[in-house]
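A structural walkthrough
Residues per chain, in single letters:
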Amino acid sequence: MKFMVIVKANKDTEAGVMPSTELLAAMGKFNEEMVKAGVMQAGEGLHPTNKGARVKYSGGQSTVSHGPFSPTGDMVCGFWLIETSSLDEAIDWMKRAPFGGGSEIEIRQVFAAEDFGEALTPELREQGERLRAQAGKK
């Protein structure tokens, strides 16, 4: 099962406060453990929202808003893509993440092709596989 682990932003990450050398080292060690165990597929940190944009769609139109955005509790400052045998195993891994007090993550399962049932026709499945291969993410 594939999961996206969403690291929630806070006032420090939104202010552009960079992690300490100690936290970077601890996070590197944690990431290395996950890679060696075959769990981690990707992981990145994100710049604050003042360097980003949002695109809103309505009635066939799109509207762009540039950051910063008002804190809403749903902002993201980083993520991992991990593969484990269950949500419980994903939780066990993330309990070991070297975060301090006040940090919060969210763990969400990524859809697999089988989850879409008959709506994902063989042609659409082939297209998805071809595009993932072309993107180098297979």
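Residues numbered from 1 in each chain as written. Predicted model: local features only at pLDDT ≥ 70, side-chain atom pairs only at ≥ 80, totals over all residues. Heavy atoms only, no water.

**Details of the overall build of the protein**
- Scanning the protein from terminus to terminus reveals four helices and six strands.
- Secondary structure elements of the protein, listed N to C terminal, follow the sequence β-α-α-β-β-β-β-α-β-α.
- Its C-alpha atoms give the protein principal-axis dimensions of about 50 × 45 × 25 Å.
- Contacts in the protein between residues far apart in sequence, at least 24 positions, make up 72% of those at least 6 positions apart.
- Carbon and sulfur atoms provide 54% of the accessible area of the protein, an area that totals close to 9,900 Å².
- Here the protein holds 16 positive side-chain charges and 19 negative ones, and the gap between their average locations is 4 Å. (Helix = DSSP H or I, 4+ residues; strand = E, 2+ residues; numbered from the N terminus. Contact = heavy atoms within 4.5 Å. Areas by Shrake-Rupley, 256 points an atom, 1.4 Å probe, with all protein chains shown as cover. Lys, Arg positive; Asp, Glu negative; His and termini not counted. Charge placed at Lys NZ, Arg CZ, Asp CG, Glu CD.)

**Here we look at the nonpolar core**
- Ranked by internal contacts, the top residues of the largest apolar core, which has 15 residues, are Phe30, Met34, Trp80, Ile82, Trp93 and Met94.
- Those elements giving two or more residues to this core turn out to be strand 1 (2–8), helix 2 (21–36), strand 5 (76–83) and helix 3 (87–95).
- Once residues within four sequence positions are removed from consideration, Trp93 is found in contact with Phe30, Glu33, Met34, Ala37, Val39 and Thr84. (Core = buried A, V, L, I, M, F, W, Y, C linked by side-chain atoms within 4.5 Å. Buried < 20%, exposed > 50% of the residue type's maximum accessible area, 1.4 Å probe, protein only.)

**A few points about the sheet that holds strand 1**
- Pairing within the open sheet is antiparallel, and its four strands lie in the order 2-5-1-6. Looking at which strands have only one partner, the edges of the open sheet turn out to be strand 2 (40–45) and strand 6 (105–109). Geometrically, the sheet is characterised by an average inter-axis angle of 15 degrees between neighbouring strands, direction not taken into account.
- As defined by bridge partners, strand 2 adjoins strand 5 across five bridges and the pair is classed as antiparallel. Residue pairing in the sheet places Glu44 in a bridge with Phe79 of strand 5.
- Seen against the sheet, helix 2 touches strand 2 and strand 5 and runs at an angle of roughly 25 degrees to strand 5. (Pairing = 2+ DSSP bridges. Axes fitted to C-alpha atoms, helices over the stretch in contact; angles between N-to-C directions.)

**Digging into the pattern of salt bridges**
- Evaluated as defined, the whole model comprises eight salt bridges.
- Residue Arg96 is joined to Glu33 by a salt bridge in which the shortest nitrogen-to-oxygen separation is 2.6 Å. Of the two residues, Arg96 is situated in the loop between helix 3 and strand 6 and Glu33 in helix 2; the sequence distance between them amounts to 63 residues.
- Judged by its relative accessible area of 46%, Arg96 is partly exposed.
- A network of salt bridges, in which partner residues are shared, links Lys8, Glu106 and Arg108. (Salt bridge = Lys/Arg side-chain N within 4 Å of Asp/Glu carboxyl O.)

**Things to note about the side chain of Thr49**
- Position of Thr49 relative to the elements: it lies in the loop between strand 2 and strand 3 (53–58).
- When its relative accessible area of 12% is taken as the criterion, Thr49 is described as buried.
- A distance of 2.4 Å separates a polar atom in the side chain of Thr49 from a polar atom in the side chain of Glu14.
- Among all residues touching Thr49, those that are not within four sequence positions of it are Glu14, Gly67, Pro68, Phe69 and Met75. (Polar contact = N/O pair within 3.5 Å; in protein donor to acceptor, adjacent residues only side chain to side chain.)

Shape descriptors only; they carry no functional weight alone.
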